[in-house]
Amino acid sequence: MRIDLHAHSTASDGTDTPAELMAHAAAAGLDVVALTDHDTTAGWDEALAARPAGLTLVPGVEFSCLRVEPDGRRISLHLLAYLLDRNDTQLQAEWQRLRETRRTRGREMVERLVADGYPISWAQVSTLAGAGSVGRPHLARALVESGVVPDVDTAFRDLLSSRQRYYVRKADTDVFAALALIRAAGGLPVFAHPLAHRRGPVVSDETIAAMAAAGLVGLEVEHPDHEPDDRAHAARLARGLGLIGTGSSDYHGTNKTTPLGARQTDPDAYERLLALPSAIRPTGP
Ligand code: AMP
Ligand code: ZN
Ligand code: FE
Ligand code: FE
């Protein structure tokens, strides 16, 4: 079984439409793929309609969250939420608020870049995002299109990372509020890339333990942004806290170099996830 539990489509900042993502997942030899766009379920219907017969689709979301650590550090973190009731009104309202803050923040980052003479515009970024959740990968593509940088990676490294002056925070959801919302909607929350130091600061082990006590069910152990030490640390935490250790590519189409299935979830871990009660079930064979 080849299982990849984290992938993006044009409903957020991936470059495959949901239907293309389904075809690419089958072509990559995956048996199971999860669709986890940022703060939206808008891609679910198209993916469900386009799912090839042999492929299982796990519908999900990647929820933008914030943790204020006891020492005052504000840390951005992502929760994957699988198999939840997408019609839950509280979640819908929160995701709509997050999509709005993504647009406002995208606009503000563009303004800062334009003020320093970079030849991009909000209209260009907005066109690249289309109807999807706006994200930094759309700004990165605009910078590539305008010849400022050769590729998306360089755009992140030199201009868009949280360590750069053009970075603007989104007004993300408190992670404990998000855990409560996901559980109330029958979803299964898994902490995405919990130890990805290369993206920015990460939360403490104590915070991860508190998240486990608040309903978290898993940790992404295998992820392209985890160094070997990060994977070992995440695996140790998962074992100690009784959390399921998952693995995934975090595929974004051509917005990233990682192919589908580059990291995978162990079939035993997938079984453990499916054994938990959830609002909906995966669709597939
Ligand atoms: P945002 O949600 O707008 O803050 O943007 C974060 C998104 O940018 C995440 O989905 C990341 O996967 C993506 N990202 C972060 N670093 C890079 C990078 N170096 N190259 C491409 N995408 C990246
Ligand atoms: Zn993304
Ligand atoms: Fe993420
Ligand atoms: Fe992601």
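Computed from a predicted structure; not experimentally measured.

Caption draft 1: Quick look at the overall build of the protein chain. The helix and strand inventory of the protein chain stands at ten helices and eight strands. The principal-axis extents of the C-alpha atoms in the protein chain amount to approximately 55 × 45 × 40 Å. The burial tally for the protein chain puts 53% of its 285 residues in the buried class. Once local pairs closer than 6 in sequence are excluded, the contacts in the protein chain between residues at least 24 apart make up 73%. With the model as given, the accessible surface of the protein chain reaches about 11600 Å², and the carbon-plus-sulfur share is 51%. Across the protein chain, the mean location of the 30 positive side-chain charges is 3 Å away from that of the 37 negative side-chain charges.

Caption draft 2: The coordination of the zinc ion (ligand 2), seen in detail. Donor atoms from the polypeptide that coordinate the zinc ion (ligand 2) comprise Asp 13 (OD), Asp 13 (OD), His 38 (NE2) and His 252 (NE2), at 2.0 to 2.5 Å from the metal. In this structure, the zinc ion (ligand 2) lies 5.8 Å from the iron ion (ligand 3). Of the two residues, His 38 is situated in strand E2 (residues 32-38) and His 252 in the loop between strand E8 (244-247) and helix H10 (267-274); the sequence distance between them amounts to 214 residues. Considered together, His 38 and His 252 belong to a single accessibility category, that of buried residues.

Caption draft 3: Region of interest: the coordination of the iron ion (ligand 3). The coordination sphere of the iron ion (ligand 3) contains the protein donors Glu 62 (OE), His 78 (ND1) and His 193 (NE2), at a distance range of 2.0 to 2.2 Å. For the iron ion (ligand 3), the single-chain donor residues occur in sequence as E-x15-H-x114-H. Look at His 78 and you get buried, because its relative accessible area is 11%.

Caption draft 4: Fine view of the packing of helix H8 (residues 205-213) against helix H9 (residues 228-241). The interhelical angle for the contact between H8 and H9, taken along N-to-C directions, is 40 degrees, at an axis separation of 11 Å. Here H9 runs oblique to H8, going by the angle between their axes. Taken as a pair, H8 and H9 cross one another with a handedness that is right-handed. Between H8 and H9, the contacting residues are Asp 205, Ile 208, Ala 209 and Ala 212 on the first element and His 233, Leu 237 and Leu 241 on the second.

Caption draft 5: Spotlight on the nonpolar core. Counting residues in each nonpolar core, the largest one holds 43 residues, and the members touching the most others are Val 33, Phe 63, Leu 79 and Phe 191. Per-element accounting of this core gives the leading share, five residues, to helix H7 (residues 175-184). Listed in part, the 19 residues of the second largest apolar core include Leu 113, Trp 122, Ala 140 and Leu 143.

Caption draft 6: Spotlight on the packing of H7 against H8. For the pair H7 and H8, interaxial distance at closest approach is 10 Å and the crossing angle is 25 degrees. Put simply, H7 runs roughly parallel to H8. As for the relative orientation of H7 and H8, their crossing is right-handed in sense. For the pair H7 and H8, contact is made by Val 175, Phe 176 and Leu 179 and by Thr 207, Ala 210 and Met 211, respectively. Its residues placed into classes, the contact of H7 with H8 shows five nonpolar, one polar and no charged.

Caption draft 7: Fine view of the environment of His 78. Its place among the elements puts His 78 in strand E4 (residues 74-82). With 115 residues separating them along the chain, His 78 and His 193 place their C-alpha atoms 7.7 Å apart. With residues near it in sequence (within four places) discarded, His 78 still touches His 38, Glu 62, Phe 63, Ser 64, Val 190, Phe 191, Ala 192, His 193 and Arg 199. Separated by 3.3 Å, the side chains of His 78 and His 193 make a polar contact.

Caption draft 8: Quick look at the site of ligand 1. In the vicinity of ligand 1 there are 15 residues, among which His 38, Arg 105, Arg 136, His 252 and Lys 256 approach most closely. One of the side-chain nitrogen or oxygen atoms of His 38 is found 3.0 Å away from an oxygen atom of ligand 1. A distance of 3.3 Å is found between an oxygen atom of ligand 1 and a side-chain nitrogen or oxygen belonging to Arg 199. In isolation ligand 1 exposes 510 Å². Once the protein is present, 89% of that is buried. Its atoms largely coinciding with the cavity grid, ligand 1 occupies the largest pocket. Breaking the shell around ligand 1 down by element, the ones donating at least two residues are helix H3 (89-115), helix H5 (136-145) and helix H6 (152-160). By residue class, the composition of the shell around ligand 1 is three nonpolar, four polar and eight charged.

Rules of the game
Residues numbered from 1 in each chain as written. Chains lettered and ligands numbered in written order. Predicted model: local features only at pLDDT ≥ 70, side-chain atom pairs only at ≥ 80, totals over all residues. Heavy atoms only, no water. Helix = DSSP H or I, 4+ residues; strand = E, 2+ residues; numbered from the N terminus. Buried < 20%, exposed > 50% of the residue type's maximum accessible area, 1.4 Å probe, protein only. Contact = heavy atoms within 4.5 Å. Areas by Shrake-Rupley, 256 points an atom, 1.4 Å probe, with all protein chains shown as cover. Lys, Arg positive; Asp, Glu negative; His and termini not counted. Charge placed at Lys NZ, Arg CZ, Asp CG, Glu CD. Donors = N, O, S within 2.8 Å, 3.2 Å for Na, K, Ca; no water. Axes fitted to C-alpha atoms, helices over the stretch in contact; angles between N-to-C directions. Parallel < 35°, antiparallel > 145°, perpendicular 65-115°, else oblique. Left-handed = near helix turned anticlockwise from the far one by under 90°. Core = buried A, V, L, I, M, F, W, Y, C linked by side-chain atoms within 4.5 Å. Nonpolar A, V, L, I, M, F, W, Y, C, P; charged D, E, K, R; others polar. Polar contact = N/O pair within 3.5 Å; in protein donor to acceptor, adjacent residues only side chain to side chain. Near = heavy atom within 4 Å. 1 Å grid on protein atoms, 1.4 Å probe; cavity = no way out; pocket = protein on both sides within 12 Å on 5 of 7 lines; lining within 4 Å. Sits in = over half its atoms within 2 Å of the grid points.

Function cannot be inferred from these measures alone, as they are strictly geometric.
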